[in-house]
Amino acid sequence: VDGSGGGTGPFLPLAGGTMTGTNGVVFPDVFKLNLGTGSDLQIVHDSFDSYINNFTGNLYIKNLADDKDILFQSDNGAGGTATYFYVDGSNSRTQFLKELDLADNIKFRAGNGGDLQIYHSSSNNISFITNSNAAGLRLQSDEFIIFANNGTSARADFDIAVKLFY
């Protein structure tokens with residue numbers, strides 16, 4: 001008995017249950033899978049693009065497996081896929097595997113108050129490294145060289161010398 005007036009099972013019971021098989025569930029293009037009493041979460045594919053839309057509260061993406069990651073992958077430009085960045089659950093950090101480009105006037109900020117800022121200004125074509133913390137800015141390396149367009153302007157070598165060039 002099919003319970004729907006025509007087809008032959010298997011059918012997902014109306015009271016819930018387990019669907020078996022290997023074909024999955026196929027929804028047509030532009031079908032909106034609505035979740036929540038007020039359809040607050042929506043998953044849609046429009047035959048070109050796919051969307052996850054949240055209409056209330058925060059949207060959480062969680063991986064609850066111990067020491068596992070959340071990987072963000074896309075086309076690699078050569079017919080395959082590549083991981084561009086991932087949330088590294090075993091080392092508690094975000095790892096970028098491809099270049100990170102910020103548009104003009106968009107600041108990279110670090111520190112609880114955004115004390116350190118690095119950005120490029122398109123209006124005067126100048127790049128800035130700014131530290132608003134009163135403790136100062138420290139650049140640390142065994143070899144530190146400042147280059148101008150025509151060559152080295154300053155050089156500091158650990159335990160050797162500091163040289164300024166004119």
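Use the structure listed above.
Quick look at the structure, then.

### Regarding the overall build of the protein
- Helices and strands together make up the secondary structure of the protein, namely zero helices and twelve strands.
- Taking 2.2 N^0.38 as the reference for a compact globule, 166 residues should give roughly 15 Å; the C-alpha atoms of the protein span a radius of gyration of 27 Å, well beyond that estimate.
- Seen through its principal axes, the protein has C-alpha atoms that stretch 90 × 35 × 35 Å.
- Of all 166 residues assigned to the protein, the portion counted as buried reaches 8%.
- Restricting the contact set of the protein to residue pairs at least 6 apart, pairs at least 24 apart contribute 0%.
- For the protein, the exposed area adds up to about 14,200 Å²; of that, 52% sits on carbon and sulfur atoms.
- One finds the centroid of the 10 positive side-chain charges in the protein at a distance of 9 Å from the centroid of its 18 negative side-chain charges.

### Observations concerning the packing of aromatic side chains
- Counting across every chain of the model gives four aromatic pairs.
- Considering the side-chain rings of Tyr-119 and Phe-128, the 5.1 Å spacing of their centres and the 20° angle between planes classify their relative orientation as stacked.
- On the accessibility criterion, Tyr-119 (19% relative accessible area) is buried.
- Between Lys-62 and the ring centre of Tyr-60, over which it is positioned, the NZ or CZ distance is 5.6 Å.
- Positioned over the ring face of Tyr-119 is Lys-107, at 4.9 Å from the centre of the ring.

### Comments concerning unusual backbone geometry
- One non-glycine residue with positive phi stands out, namely Ser-92, at about 55°.
- Its location among the elements puts Ser-92 in the loop between β5 (81-88) and β6 (93-96).
- At Asn-125, a residue that is not glycine, the phi angle is positive and equals roughly 55°.

### Quick word on the environment of Ser-47
- With respect to the secondary-structure elements, Ser-47 resides in the loop between β2 (41-45) and β3 (50-54).
- A relative accessible area of 36% places Ser-47 in the partly exposed class.
- Separated by 19 residues in sequence, Ser-47 and Pro-28 have C-alpha atoms that sit 8.8 Å apart.

### Side note on the sheet that holds strand β10 (residues 143-148)
- The strand order β10-β11-β12 describes an open sheet built from three strands, whose pairing is antiparallel. Two strands close off the open sheet at either side, each with one partner strand: β10 and β12 (161-164). Taken pair by pair, the neighbouring strands of this sheet meet at an average axis angle of 15°, ignoring direction.
- Pairing of β10 with strand β11 (residues 151-157), which is carried by six bridges, proceeds in the antiparallel orientation. When the sheet's bridge partners are listed, Ala-148 is paired in β11 with Gly-151.

About the thresholds
Residues numbered from 1 in each chain as written. Predicted model: local features only at pLDDT ≥ 70, side-chain atom pairs only at ≥ 80, totals over all residues. Heavy atoms only, no water. Helix = DSSP H or I, 4+ residues; strand = E, 2+ residues; numbered from the N terminus. Rg over C-alpha atoms; globule rule 2.2 N^0.38 Å. Buried < 20%, exposed > 50% of the residue type's maximum accessible area, 1.4 Å probe, protein only. Contact = heavy atoms within 4.5 Å. Areas by Shrake-Rupley, 256 points an atom, 1.4 Å probe, with all protein chains shown as cover. Lys, Arg positive; Asp, Glu negative; His and termini not counted. Charge placed at Lys NZ, Arg CZ, Asp CG, Glu CD. Phe/Tyr/Trp six-rings, centres within 6.5 Å; stacked < 30°, edge-to-face > 60°. Lys NZ or Arg CZ within 6 Å of the ring centre and 35° of its normal. Pairing = 2+ DSSP bridges. Axes fitted to C-alpha atoms, helices over the stretch in contact; angles between N-to-C directions.

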